[in-house]
Amino acid sequence: MRALLAACVLPLALLSGPGRAGPGPADEPPLAEFSALYTADALRNVRGGLREGSAYLDYIELAGGFDAGRALGVRDLSLYGSVFRRNQPTFSDRYVGDALVVSNIDSANPMEVLEAWLEWGFEARGPGSLRVGMYDLSSEFDVLESRGLFLNSGYGIGHDLAQTGFNGPSIFPNTALGARVAWVPGEPWLLKLAVLDGEPGDPGERGRSRLHLSSSEGAFCIAEAKVGARHWRAGAGYWRYTAAFPALGTDDTDAARTRNDNAGGYVMGEFASDAAPGTDEPKWMAFVRAGTAEERINAFDRFMATGVVRRVAWPRGQGSYLGLAAAQIRVGSAYRAQRAAAGLATEAHERNLELTWRVPLGKHVALQPDVQYVHNPGADPGIADAWVVGLRVELSAVR
């Protein structure tokens with residue numbers, strides 16, 4: 001923890017000296033900005049799963065952005081970096097046994113660099129930008145605003161994509177070196193393309209970031225298009241790994257084969273009402289999302305999620321957000337056959353239902369009670385359906 005604080009306080013001290021811009025003119029943003037986020041989940045599996053029990057998960061993220069263009073006289077150039085620390089206990093793998101993972105901060109990685117990139121803005125028949133560096137795929141791809149309310153990882157980046165790769169795609173807690181191009185050819189379209197290292201993090205040492213590119217590990221490529229209007233937005237994406245992956249099989253001959261078609265796609269949509277009285281936020285938002293993955297390589301071949309978020313007027317002047325969402329992952333036939341050959345039974349699906357209520361208390365604090373029901377955790381008939389209750393606390397600050 002001391003090392004983490006030192007890594008972030010030192011740049012802050014350097015930028016707070018004579019060379020750092022102060023508030024400046026009213027129409028000029030600061031040269032550098034810093035933020036801190038503390039998230040804590042108190043969770044209890046009250047029934048079913050692997051066993052009953054409780055855990056306290058916490059997550060600290062420190063981030064900073066620097067307007068390098070203004071400092072160096074280069075147009076539209078910026079730097080950004082963030083690091084996180086997680087406490088050691090995990091929850092889902094100890095108590096629930098689910099694949100979707102109850103909490104989106106649940107990880108065994110204690111400390112790591114999450115992002116560290118440079119971005120350059122350009123004009124090419126429309127505004128665009130290029131990012132190069134350590135990049136979190138889930139910060140911009142497969143994202144809808146209403147999905148961000150929920151705690152379960154399945155409502156972040158879809159599990160059809162999140163499950164893939166030798167060490168996952170480039171998302172929390174393991175991110176990779178790569179490049180992303182975003183371009184607006186004309187309203188209301190947004191196009192994005194990213195190419196990243198195919199094996200993020202360091203498989204040999206948990207919690208260690210790695211700047212490494214290797215032809216043997218290949219690359220991960222993803223493209224996404226989004227379009228939207230006042231009350232709706234929609235998107236579609238396609239992803240693929242260039243490396244070969246072991247094929248799922250029922251005997252040693254099948255298992256020894258490799259395949260070069262680890263790919264998939266997703267579609268998503270979001271719908272919003274008119275603004276709530278006295279605010280610029282919609283009274284409600286709803287989303288749908290569906291995706292696929294190659295079943296002869298990955299355990300799950302289909303993922304679907306849907307949900308709705310309702311803005312509540314209480315507390316007065318601040319408002320709160322009530323959400324209900326459901327998700328389902330389907331087990332691929334190759335994985336089911338492989339388990340059957342080993343004498344293991346497998347359910348066809350794992351399902352999640354989440355009810356959550358986020359209550360901001362001022363600008364820097366939020367409380368979020370949460371209830372989740374997990375049907376067929378891990379698609380394993382030997383694990384009972386689970387009920388999980390929890391409370392999330394968020395503390396944030398921006399300078």
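Now for a look at the structure at hand. (Residues numbered from 1 in each chain as written. Predicted model: local features only at pLDDT ≥ 70, side-chain atom pairs only at ≥ 80, totals over all residues. Heavy atoms only, no water.)

**Comments concerning the side chain of R86**
Then comes step 1: As for its position among the elements, R86 is in strand 3 (residues 77-86).
Then comes step 2: In this structure R86 is buried but unpaired, with D106 as the nearest side chain of opposite charge at 4.1 Å.
Then comes step 3: At a separation of 2.9 Å, a polar atom in the side chain of R86 contacts the main-chain carbonyl oxygen of S107.
Then comes step 4: If we skip the residues at most four places from it in the chain, R86 touches L57, D58, Y59, I105, D106, S107, N109, P110 and F172. (Helix = DSSP H or I, 4+ residues; strand = E, 2+ residues; numbered from the N terminus. Buried < 20%, exposed > 50% of the residue type's maximum accessible area, 1.4 Å probe, protein only. Lys, Arg positive; Asp, Glu negative; His and termini not counted. Salt bridge = Lys/Arg side-chain N within 4 Å of Asp/Glu carboxyl O. Polar contact = N/O pair within 3.5 Å; in protein donor to acceptor, adjacent residues only side chain to side chain. Contact = heavy atoms within 4.5 Å.)

**As for the pattern of salt bridges**
Then comes step 1: For the structure shown, the criterion picks out 21 salt bridges.
Then comes step 2: With its nearest N and O atoms 2.7 Å apart, the salt bridge here joins R289 to D142. Highlighted residues: R289 in strand 13 (residues 284-293) and D142 in the loop between strand 5 (127-135) and helix 4 (159-162), separated in sequence by 147 residues.
Then comes step 3: Classification of R289 as buried rests on a relative accessible area of 3%.
Then comes step 4: Owing to a relative accessible area of 2%, D142 belongs among the buried residues under this scheme.
Then comes step 5: Ionic pairing is found between D261 and R259, a salt bridge with its closest N-O pair at 2.7 Å.

**Looking at the pairing of strand 3**
Then comes step 1: Pairing of strand 2 (residues 53-66) with strand 3, which is carried by eight bridges, proceeds in the antiparallel orientation. Directly across from E61, in strand 3, lies its bridge partner F84.
Then comes step 2: Relative to strand 4 (residues 111-123), strand 3 runs antiparallel, the two being bridged by nine bridges. Each residue of the ladder has a partner; that of Y80, found in strand 4, is W117. (Pairing = 2+ DSSP bridges.)

**Section: the environment of I222**
Then comes step 1: Here I222 is to be found in strand 8 (residues 219-228).
Then comes step 2: Once you skip the residues sitting within four places of it in the chain, I222 turns out to touch L137, F141, L161, K192, L193, A194, Y238, W239 and Y266.

Take it as geometry only, folks, not as evidence of what the structure does.
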